[in-house]
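So the chains spell out like this:
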Amino acid sequence: MTPAFTHLALHVRDLEACIAFYRDYCGMKTVHERDDSGVRLVWLAEPGRESDFIIVLLPGGPGRDQAEGDFSHFGFALESKAAVDAIAQRAEAAGCLAWAPRQEPYPVGYYCGLKDPDGNFVEFSYGQPLGPGAAERGAP
């Protein structure tokens, strides 16, 4: 059997702030929550993908401070360039915009980047080989 990538677990400094970020910017919802020996664990998923992939948030992380030029990130596809611009505008007003919207050659597409409350970069894109806009960009 080929392994299936099912989840990503992150220890975060501020659990509530991270839940709100992934809910408000990424459209994720809490699909499971439990107390594990006094530690609150929260599973987040995109609606309709609850059995495909989740992000597990656990309290107590050290935070993330990415160095200049470190483009490690989580990627979310959006339905249009206008949707990327709208996310960037909201993030700029909230003080969490890390990369202003920009167009790069295929396969990168149009994207912006935000910083979640723990310091992780989160990219929102349109026109990459995965997600909306892939077909019109000639993705395989």
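Residues numbered from 1 in each chain as written. Predicted model: local features only at pLDDT ≥ 70, side-chain atom pairs only at ≥ 80, totals over all residues. Heavy atoms only, no water.

1. Observations regarding the packing of aromatic side chains
Applying the stated criterion to the full structure yields seven aromatic pairs. When the centroid spacing of 5.1 Å and the interplanar angle of 75° are considered together, the rings of F21 and Y22 count as edge-to-face. The class of Y22 is buried, set by a relative accessible area of 0%. Seen in terms of ring centroids, F71 and W99 are 5.8 Å apart; in terms of plane orientation they differ by 55°. Their pairing is tilted. Of this pair, F71 sits in the loop between strand 4 (54-59) and strand 5 (74-77) while W99 is found in strand 6 (residues 97-104), placing the two residues 28 residues apart along the sequence. A residue is classified by how much of its surface remains accessible, and F71, at 54% relative accessible area, is exposed. W99 gets classed as buried once you look at its relative accessible area, which sits at 8%. Positioned over the ring face of Y110 is K81, at 5.4 Å from the centre of the ring. The ring of Y25 has R90 sitting right over it, with the charged end atom 4.5 Å from the ring centre. (Phe/Tyr/Trp six-rings, centres within 6.5 Å; stacked < 30°, edge-to-face > 60°. Buried < 20%, exposed > 50% of the residue type's maximum accessible area, 1.4 Å probe, protein only. Helix = DSSP H or I, 4+ residues; strand = E, 2+ residues; numbered from the N terminus. Lys NZ or Arg CZ within 6 Å of the ring centre and 35° of its normal.)

2. Observations concerning the sheet that holds strand 5
Strand order in this open sheet of four strands is 5-8-7-6, and the pairing throughout is mixed. A strand with exactly one partner marks an edge of an open sheet, and here the two such strands are strand 5 and strand 6. For this sheet, the mean angle separating the axes of adjacent strands, direction not counted, is 20°. Of the strand pairs in this sheet, strand 6 and strand 7 (residues 109-115) are connected by five bridges, and their pairing is antiparallel. (Pairing = 2+ DSSP bridges. Axes fitted to C-alpha atoms, helices over the stretch in contact; angles between N-to-C directions.)

3. Let's talk about the side chain of S125
Residue position: S125 is located in strand 8 (residues 121-126). Residue S125 is classed as buried on the basis of its relative accessible area of 3%. Looking at S125, its side chain comes within polar contact range of the side chain of Q128, at 3.4 Å. Apart from residues no more than four positions distant in its own chain, S125 is found in contact with F76, A77, L78, V84, Y110 and Y111. (Polar contact = N/O pair within 3.5 Å; in protein donor to acceptor, adjacent residues only side chain to side chain. Contact = heavy atoms within 4.5 Å.)

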